[in-house]
Amino acid sequence: MSVFIDRGDRVLVQGITGAEGSFWTKHMIELGTRVVVGVTPGKEGQSVEGVPVYHTVRRAVADVPADAAMLFVPPRFTKDAVFEALDSGFAKIVAVADGIPLQDAIQIRKAALSCGARVVGGNTSGVISPGLAMMGMFPYWIERVYRPGRIGVMTRSGSLTNEVTAMIVRAGFGVSSLIGVGGDPVPGARFAEMLPDFQSDPGTDAVVIIGELGGSMEEEVAEAMESGAFRKPVVAFLGGRTAPAGRRMGHAGAIVSGGKGSVADKIAALEKAGAAVADRPRLVGELLQRALGAASRK
Amino acid sequence: MKLFEYQAKDAFAERGIPVPERRLCATPEEVRAAAAAIGCPCVVKSQVLRGGRGKAGLVRLVASPEEAGAYGSELLTGGLGAAHGVRRVLVEEAVDIGRELYVSITVDPLAATALVLACAEGGVDIEELARTAPERILRERVDLDVGLLPFQARDLGYALGLGPELSGSFVTLLAGLWRVFREKDAELAEINPLFVTKARGDRPAALVAGDGKLAIDDNAAFRQGGAEPSREYFDSELAFRAAVEGIPYLQFDGDVSLMCAGAGLTTVVYDLVNYEGGSVANYLEFGGPNYKKAVRAMELCLANDPKVILIVTFGTIARADVMADGIAEAIAKLKPRCPIVACIRGTGEEKAVETLRAAGLDPLFDTEEAVRRAVSLSKAPRAEATRAETTGGRA
């Protein structure tokens, strides 16, 4: 089982002929992802890894139906590409671009909400269910990082994800599905919005969230736990505990503003809701062992 | 990118927001002349990006052009201004203040809208107020596609206690601020304080923007004229040089220089150094599009004269072997005198390890172990650190 993407989903890739698009299309297919069609304006008639390319999304889906859209499109064109996918009725969209203008990101999320679609990203590595399929850019071939298993992961950071999933695997677990919501201030999809999928996924025993300072996504997870909407164990690891006030650390979304977003507040909210919070990557594995017990490992 | 007050006020004025009469000055003589032209008393305001200018003595009400000129000298050629990096000052007419308000436009990430914040008390620290008395902040969501509607502004104006005589001005002012927010691709457009002037004789009370803050979205620079980074926007020479290279960089004043990849990982390495009792000299990311810039990155680190350089990466597209090649090249070229601790994992890591060993390093695979080693080296006396270097830079 998996969340968001599995082997049954037919994937359309926007920007498929670019350097990143073609490189990761190859790897998505190698992992088992069903990439069926690609789009790059001006390149209709070409093919990438045997996948036919069309000028526009409308032209592509007229010939080859697809269920999910994967965008390898530069940040300044991402809004256009997301709206193009929404226009053709895609309800699952992943946009990896780092550097989407803030006000574009607001319009992207607003449109996704009003269409009932899910847009994951930007500024993300994407989505992966190890051993099954992925939409994005993950080194799934590194066994000690992307072993299949029963732990769901949601993350705001690509680089930190490798660090933390390596600790999950080291503790004897593996990953069911991983959703990179991304490091932008206005991500298309938020942690709490993905929780129902993990709640209903029989392949997921617990969820690890990799958060950081800024915004309120971690607090929203705590609310979902408190309300009983999410009932599986949660382990959280948060970056930026010692970050100086008022300075943006790394991601555009990693800043305390409006009196909200400090890591201390997030930890308090999560712990009150019953989540275990790790202050170091290594502890994530130990806290999972404690939450699930040694018997239910793997 | 945060803009200076004078730039924010220019953007305001261009869109119909009332601002005081003002002149931007770069020399004490210009300050004196501006004060004479505007009339005294007037206000001389340092143009710096930090908050708390008043407390730092960087803003002053002056009674005469001579006093303005003397204060201008302190700011533009004297020690006070030099200490705070003052390059320009704004001379502004004094406003006859009746009341002060707060108003800003920012973003609501959850609702995917813009968000107008307003408060009946001006000059407040809105961050502090949001923590201590959030009920005193008025909030109004604005749909980006529909735009700010007059009824929303009217309602806010009356809620702020502005009567019918000022309601129309407030609606116009907020419409102007909305245009600033949209047209400048702002992350934040703020007027704090917003003055309500005293009615005097046949001059009725009016609204005037006392201060202006405008933060522009760097990601939208391509459609905002795409200005090159300019030294005056950065708090240190190194931060400016890093920005020119497109390398994310924050200046601190500790011992461990971070040269890491990935925003999330670098932030966590920063935390771990602090947990271990160490201190960070600088935050630097050379991952993502910069993963071939190891030489530039190490130059920036070395300019801090750190006790140790700590390299931690776990890259996918930013290949470990390519980063290791860059680090080896940087060591050969720059001959760092401080020890280097390296923990490089990800795509091509086997080859990366060989490269680092050939460069005289002892690569590690565990982030926390690498941080502990770096912090312990940073506490060693310099002499010892130098000995480590004589064994080939090995940490």
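Bear in mind the structure is a predicted one, so any value in this text is a computation, not a measurement. (Residues numbered from 1 in each chain as written. Chains lettered and ligands numbered in written order. Predicted model: local features only at pLDDT ≥ 70, side-chain atom pairs only at ≥ 80, totals over all residues. Heavy atoms only, no water.)

Undergrad: What exactly am I supposed to notice about the overall build of chain A here?
TA: Check the secondary structure of chain A and you find nine helices and 14 strands. Taken against the 2.2 N^0.38 rule, which gives 19 Å for 298 residues, the C-alpha radius of gyration of chain A at 19 Å falls within 12% of a compact globule. With respect to the principal axes defined by its C-alpha atoms, chain A has extents near 55 × 45 × 30 Å. Only carbon and sulfur atoms are counted for the fraction: they give 52% of the accessible area of chain A, which is about 10100 Å². Positive and negative side-chain charges of chain A, numbering 32 and 30 respectively, have mean locations separated by a distance of 3 Å. (Helix = DSSP H or I, 4+ residues; strand = E, 2+ residues; numbered from the N terminus. Rg over C-alpha atoms; globule rule 2.2 N^0.38 Å. Areas by Shrake-Rupley, 256 points an atom, 1.4 Å probe, with all protein chains shown as cover. Lys, Arg positive; Asp, Glu negative; His and termini not counted. Charge placed at Lys NZ, Arg CZ, Asp CG, Glu CD.)

Undergrad: Sorry, what's going on with the interface of chain B and chain A here?
TA: How big an interface is tends to be expressed through the accessible area that disappears when the partners come together. At the interface, 51 residues of chain B touch 56 residues of chain A. For the chain B and chain A pair, buried surface summed over both sides reaches about 4500 Å², with 53% attributable to carbon and sulfur atoms. Counting the surface chain B buries against chain A, the share from its top three residues, B:Y275, B:F314 and B:E368, is 14%. At the boundary of chain B with chain A, the tally comes to ten salt bridges. The residue A:R280 makes a salt bridge to B:E368 at a minimum N-O spacing of 3.8 Å. Counting across the interface, chain B meets chain A through 26 residue pairs in polar contact (both at pLDDT 80 or more). (Contact = heavy atoms within 4.5 Å. Buried area = accessible area lost by both parts, 1.4 Å probe. Salt bridge = Lys/Arg side-chain N within 4 Å of Asp/Glu carboxyl O. Polar contact = N/O pair within 3.5 Å; in protein donor to acceptor, adjacent residues only side chain to side chain.)

Undergrad: Honestly, the nonpolar core in this entry has me stumped. Any pointers?
TA: In globular proteins that are soluble, nonpolar side chains generally tend to be buried together. Core analysis: the largest hydrophobic core is formed by 106 residues, its most contacted members being A:F4, A:I179, A:V208, A:L288 and B:L310. Of the residues forming this core, the biggest block, seven residues, is contributed by helix α9 (residues 263-275) of chain B. Setting aside residues up to four positions removed in sequence, A:V208 forms contacts with A:I151, A:G152, A:V153, A:M154, A:V164, A:I168, A:V235, A:V284 and A:L288. One finds A:L86, A:A105, B:L160 and B:L207 within the second-largest nonpolar core, a separate group that totals 73 residues. (Core = buried A, V, L, I, M, F, W, Y, C linked by side-chain atoms within 4.5 Å. Buried < 20%, exposed > 50% of the residue type's maximum accessible area, 1.4 Å probe, protein only.)

Undergrad: Mind showing me how you'd approach the sheet that holds strand β13 (residues 280-284) of chain B here?
TA: Residue and element names in this part refer to chain B. Strand order in the open sheet formed by five strands is β11-β13-β12-β14-β15, and the pairing between neighbours is mixed. The sheet is open, and its two borders are formed by β11 (249-251) and β15 (340-346), each paired with just one other strand. For this sheet the average axis-to-axis angle between neighbouring strands, irrespective of direction, equals 15°. Looking at chain direction, strand β12 (residues 256-260) and β13 are connected through two bridges and run parallel. Bridged to S257 within β13 is N282. Here helix α11 (residues 320-334) sits on the sheet and contacts β12, β14 (308-315) and β15; the angle it forms with β15, its principal contact strand, is near 160°. (Pairing = 2+ DSSP bridges. Axes fitted to C-alpha atoms, helices over the stretch in contact; angles between N-to-C directions.)

Undergrad: What exactly am I supposed to notice about the environment of B:V31 here?
TA: All names here are of chain B. You can see V31 is positioned in helix α2 (residues 28-38). Residue class for V31 comes out buried when judged on its relative accessible area of 0%. Linking V31 and L115, residues 84 residues apart in sequence, is a C-alpha distance of 38 Å.

Undergrad: Sorry if this is basic, but what is going on with the domain arrangement of chain A here?
TA: Residue and element names in this part refer to chain A. One can read the domain layout of chain A as domain 1 (1-123) and domain 2 (142-298). On the domain 2 side, the residues contacting the 16 residues of domain 1 number 21 residues. Of the roughly 1600 Å² buried where domain 1 meets domain 2, counting both sides, 55% is carbon and sulfur surface. The three residues of domain 1 that bury the most area against domain 2 are V3, R109 and R118, which together make up 40% of that side's buried surface. Our enumeration of links across domain 1 and domain 2 arrives at two salt bridges. The partner of D197 in a salt bridge is R118, and the shortest N-O contact between them spans 2.8 Å. Taken together, the elements giving at least two residues each to the side of domain 1 that touches domain 2 come down to α4 (102-115) and β7 (118-121). When the residues that make up the side of domain 1 that touches domain 2 are grouped by side-chain class, the tally is ten nonpolar, four polar and two charged. (Domains from an automatic or database assignment. Nonpolar A, V, L, I, M, F, W, Y, C, P; charged D, E, K, R; others polar.)

Undergrad: Would you take a moment to explain a nonpolar patch on the surface for this structure?
TA: All names here are of chain B. Taken together, the side chains of V146, L149 and F151 define a hydrophobic patch exposed on the protein surface, amounting to about 280 Å² of accessible area. Of note, F151 is situated in helix α6 (residues 150-159). You can call F151 partly exposed: its relative accessible area is 48%. (Patch = residues over 30% accessible without salt bridge, like charges linked within 9 Å, V, L, I, M, F, W, Y side chains within 5 Å.)

Undergrad: Would you mind going over the side chain of A:R109 with me for this structure?
TA: By secondary structure assignment, the location of A:R109 is in helix α4. Exposure remark for A:R109: the relative accessible area of 1% places this residue in the buried category. Not counting residues within four places of it along the chain, the set of residues in contact with A:R109 comprises A:V186, A:P187, A:G188, A:A189, A:R190, A:E193, B:P109, B:L110 and B:A112.

Undergrad: Whenever I open this one, the pattern of salt bridges confuses me. Can you help?
TA: Between side chains of opposite charge, a pair can form when the charged atoms approach closely. Residues and elements named next belong to chain B. Per the stated rule, a full pass over the model turns up 51 salt bridges over all chains. In this structure, the salt-bridge partner of R136 is E121, at a minimum N-O distance of 2.5 Å. Of this pair, R136 sits in the loop between α5 (126-132) and β7 (138-142) while E121 sits in the loop between β6 (113-119) and α5, and the two are 15 residues apart along the sequence. Its salt-bridge partner being K213, residue E190 comes within 3.7 Å of it at the nearest N-O pair. Taken together, the residues span a long stretch of sequence, with E190 in strand β8 (residues 186-197) and K213 in strand β10 (residues 212-216) at a distance of 23 residues. Judged by its relative accessible area of 7%, E190 is buried. By relative accessible area, K213 is classed as partly exposed at 42%. It is possible to trace a salt-bridge network through shared partners that takes in E5, K9, K45, R53, E92 and D211.

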